[in-house]
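Each chain, written out:
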Amino acid sequence: MDSTPWKEQELINNDTDAKKRFELKHDGDTAFIDYMISKQGIIYLTHTEVPPQWEGKGVGSALISKTLDFITETQLKMAPLCPFVAAFLKRHPERAVGILAPGYSVA
């Protein structure tokens, strides 16, 4: 079992590349959530990927949690298009309060 404190890893907002994404890095591997931001201030979370060796170890949950913190802090509204993010929000609906874009729900 891995003891890496993923919740303590720094979230990297890689917003300079053509493909924008939030990242957590460890031992040369990167877990990430791709995103786009509209001119209306809606952030679309489109895809999440965790390296196979880190699956089932809380990396995806830590990545989503840190991303949601960022969205809350920057006062963006979110559209959870990624199925993994949507599933997380269904398990933790309290994390979506106040940040869902109009027309989106976690029900």
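Scroll up to find the structure this text is about.
Computed from a predicted model, the values in this text were never measured in an experiment.

J.: I tried to follow helix α1 (residues 59-74) on my own but got confused; where do I start?
T.: Because the α-helix completes a turn every 3.6 residues, residues three or four places apart line up on one side. Along its 16 residues, α1 runs 23 Å from first to last C-alpha, staying within 8% of the 22 Å computed at 1.5 Å per residue. On its buried face, α1 sits against β2 (20-26), β3 (29-37), β4 (42-49), β5 (77-80) and α2 (83-91). Where α1 terminates, the next one or two residues include Q75, which has phi positive at roughly 60°.

J.: Would you explain the pattern of salt bridges in this entry?
T.: In this structure the tally under the stated criterion is 3 salt bridges. Across the pair R21 and E23 runs a salt bridge, and its minimum N-O distance is 2.7 Å. Notably, a salt bridge pairs E23 with K25, separated by 3.7 Å at the nearest N-O pair. Take E23: its relative accessible area is 3%, and that puts it in the buried class.

J.: I'm lost on the nonpolar core in this one. Help?
T.: Across soluble globular proteins, you tend to see nonpolar side chains buried next to one another. The biggest cluster of nonpolar side chains holds 26 residues, and the ones touching the most others in it are I43, L45, L68, I71, M78 and L89. Taken together, the elements giving at least two residues each to this core come down to β2, β3, β4, α1 and α2. Top contributing element to this core by residue count: α1, with 6 residues.

J.: Would you mind going over the pairing of β5 with me for this structure?
T.: Each regular strand displays side chains that alternate between the two surfaces of the sheet. Relative to β5, β4 runs parallel, the two sharing 4 bridges. Bridge pairing links Y44 to A79 in β5. Taken together, β4, α1 and β5 constitute a β-α-β crossover, and its handedness is right-handed.

Thresholds, definitions, all that
Residues numbered from 1 in each chain as written. Predicted model: local features only at pLDDT ≥ 70, side-chain atom pairs only at ≥ 80, totals over all residues. Heavy atoms only, no water. Helix = DSSP H or I, 4+ residues; strand = E, 2+ residues; numbered from the N terminus. Expected span 1.5 Å × (residues − 1). Contact = heavy atoms within 4.5 Å. Salt bridge = Lys/Arg side-chain N within 4 Å of Asp/Glu carboxyl O. Buried < 20%, exposed > 50% of the residue type's maximum accessible area, 1.4 Å probe, protein only. Core = buried A, V, L, I, M, F, W, Y, C linked by side-chain atoms within 4.5 Å. Pairing = 2+ DSSP bridges. Right-handed = clockwise from strand over helix to strand, strands pointing away.

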